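Here's the letter readout for the chains.
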Amino acid sequence: GDATIVTSITTLGTFPFTEARRHETVIVSDSTGRRRAVTKGAAECVLAMVGATPVERERWSGRVATLAQSGHKVIACASITLHDDQPSDLEPMGAYEMAGLLAFEDPLRAGVSDAAGECRRAGIHTIMVTGDHPLTASAIAREIGLGAGSPAVISGEELEACIARGD
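Residues numbered from 1 in each chain as written. Predicted model: local features only at pLDDT ≥ 70, side-chain atom pairs only at ≥ 80, totals over all residues. Heavy atoms only, no water.

## Re helix α5 (residues 156–165)
Basically, it comes down to this: Any residue under 20% of the maximum accessible area for its type is buried, any over 50% is exposed, and the rest in between are partly exposed; the area is computed with a 1.4 Å probe on protein chains only. By definition, any uninterrupted DSSP run of H or I lasting at least four residues is a helix, any uninterrupted run of E lasting at least two residues is a strand, and each is numbered from the N terminus.
With respect to burial, α5 is a largely exposed element, only zero of its ten residues being buried. Where α5 terminates, the next one or two residues include Gly166, which has phi positive at roughly 85 degrees.

Put into structure tokens, the structure is as follows:
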């Protein structure tokens, strides 16, 4: 097919990452005049914006789970071509096409496992708080020996509910 060479990209709109949104979207125009919305962020949030069949969605979710269970932080990337009548100041929220997954490994610092073990032996109950995917958090907690090899993982919402109840 014919190849199109893009010589410049202009940012038309930005919808920043926040803890509530858990993804970031940028709307750009290239030198050919084509406008695209490009998004990246927490895999479950980006996957919810993708126009995929249930089978495709499950395939991507399985890839995310495999990477997260091995302790990787997973970021999903997707994009959508905008039609001429779609405004650049409103973030499209559906029908994105998955571009792929980025998997990052953040190795434990030397001594973390030993420190967690010392705390355990001293009777200190250690809690790890992270914004990572629950499967990633569980893999890291197991690696450092939290929860006697079966760490309990709760979401931020569950933690807030425990605090509200006084647990």
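Next comes the rest of the description.
## Quick notes on the pattern of salt bridges
This is how it is decided: Any Lys or Arg side-chain nitrogen found within 4 Å of a carboxyl oxygen on Asp or Glu counts as a salt bridge.
Applying the stated criterion across every chain, the model contains six salt bridges. Between Arg21 and Glu91 there is a salt bridge, and its shortest N-O distance comes to 2.6 Å. Of this pair, Arg21 sits in the loop between β1 (9–15) and β2 (23–30) while Glu91 sits in the loop between β4 (73–81) and β5 (97–104); the two residues are 70 residues apart in sequence, bridging distant segments of the chain. On the accessibility criterion, Arg21 (25% relative accessible area) is partly exposed. The class of Glu91 is buried, set by a relative accessible area of 15%. Salt-bridge contacts for Asp167 lead to Arg165; the nearest nitrogen and oxygen are separated by 2.7 Å. A single burial state applies to Asp167 and to Arg165, both of which are exposed.

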